[in-house]
Amino acid sequence: MTSLPPVHAGLPPVHADAVRVLSAWTAPDAGQKAVRDGFLEHLAAHPDGTWRECVPGHITASTLVLDASRSRVLLTLHAKVKRWLQLGGHCEPGDATLADAALREATEESGISGLVLLPGPLRLDRHLVPCHPGGSWHLDVQYAAVAPPGARAERSDESDDLRWFPLDDLPEPTDDVVRALVAAARTAP
């Protein structure tokens, strides 16, 4: 395992929380363990590694929102990517923890209040994004949340569409990352 970065007074709380969460997270397989170790190395090398301004890459937090019966998932047709994805985005200065960022993003992008975040991340994903000229990496820590009964979603400006889908009938275009996250959510506590 990677050595942890020292905790400095100048580091944002979400940075220290990311190190704590990732260090304690039990990866479901060797591939996810390698991704986790890469995230920890990134945080050790970049005190600004949780902020969008960190050009080599930055930690993001996303949330797969399940309905109250846990039989449907809320996905957004992302306005820029043009694929169906889970909700999520960048950490912000008001986020003390990764869970705070994941829940804030899910609430903002779904319009649903009262989401209940399931404990701990389910998966991790590293993907190239155009946050900066020449590109940058999102180091995405993926959570799941359950919506209250009768929750009604409202599309945000970041989305071309927002809909509920049965867990076994995901829309196209989506990708293997979303499919793996849905599979992990099926067995989450």
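Structural data are supplied above this passage.
Notes on the structure in this doc start here.

What counts, and where the lines are drawn
Residues numbered from 1 in each chain as written. Predicted model: local features only at pLDDT ≥ 70, side-chain atom pairs only at ≥ 80, totals over all residues. Heavy atoms only, no water. Disulfide = S-S within 2.5 Å. Buried < 20%, exposed > 50% of the residue type's maximum accessible area, 1.4 Å probe, protein only. 1 Å grid on protein atoms, 1.4 Å probe; cavity = no way out; pocket = protein on both sides within 12 Å on 5 of 7 lines; lining within 4 Å. Points joined across faces, edges and corners; volume = space filled by probe spheres on them. Helix = DSSP H or I, 4+ residues; strand = E, 2+ residues; numbered from the N terminus. Nonpolar A, V, L, I, M, F, W, Y, C, P; charged D, E, K, R; others polar. Lys, Arg positive; Asp, Glu negative; His and termini not counted. Salt bridge = Lys/Arg side-chain N within 4 Å of Asp/Glu carboxyl O. Polar contact = N/O pair within 3.5 Å; in protein donor to acceptor, adjacent residues only side chain to side chain. Contact = heavy atoms within 4.5 Å. Phe/Tyr/Trp six-rings, centres within 6.5 Å; stacked < 30°, edge-to-face > 60°. Lys NZ or Arg CZ within 6 Å of the ring centre and 35° of its normal. Expected span 1.5 Å × (residues − 1).

Before going further, it helps to spend a moment on the state of the cysteines. For the coordinates displayed, the defined rule picks out zero disulfides. In this structure Cys-91 is not part of a disulfide, and its nearest cysteine sulfur, from Cys-54, lies 12 Å away. Here Cys-91 falls in the buried class, since its relative accessible area comes to 5%.

In this structure, the largest pocket occupies an estimated 880 Å³ of space. For the largest pocket, the lining is made up of 30 residues, of which His-78, Val-81, His-127, Val-129 and His-138 are closest to its centre. Secondary-structure elements contributing two or more residues to the lining of the largest pocket are strand S1 (58-66), strand S4 (87-90), helix H3 (98-110), strand S6 (123-129) and strand S7 (136-146). The residue makeup of the lining of the largest pocket, split by class, is nine nonpolar, ten polar and eleven charged.

Right, let's get into the side chain of Asp-140. Tracing the backbone through its elements, the reader meets Asp-140 in strand S7. The charged side chain of Asp-140 is buried without a salt bridge, its nearest counter-charge being Arg-123 at 9.6 Å. For Asp-140, the side chain forms a polar contact with the side chain of Gln-86, separated by 3.4 Å. If sequence neighbours within four positions are ignored, Asp-140 has contacts with Phe-39, Thr-60, Ala-61, Ser-62, Gln-86, Arg-123, Leu-124, Asp-125 and His-127.

A separate point is the packing of aromatic side chains. Evaluated as defined, the whole model comprises one aromatic pair. Arg-126 extends its terminal NZ or CZ atom over the ring of Trp-137, reaching a point 3.6 Å from the ring centre.

Here helix H1 (residues 13-24) spans 17 Å end to end across twelve residues, near enough to the 16 Å set by a 1.5 Å rise per residue. Of the positions making up H1, those classed as buried are Val-14, His-15, Asp-17, Ala-18, Val-19, Val-21 and Leu-22. At its buried positions, H1 is contacted by helix H2 (30-45), H3, S6 and S7.

Purely geometric stuff here, so don't read any function into it on its own.
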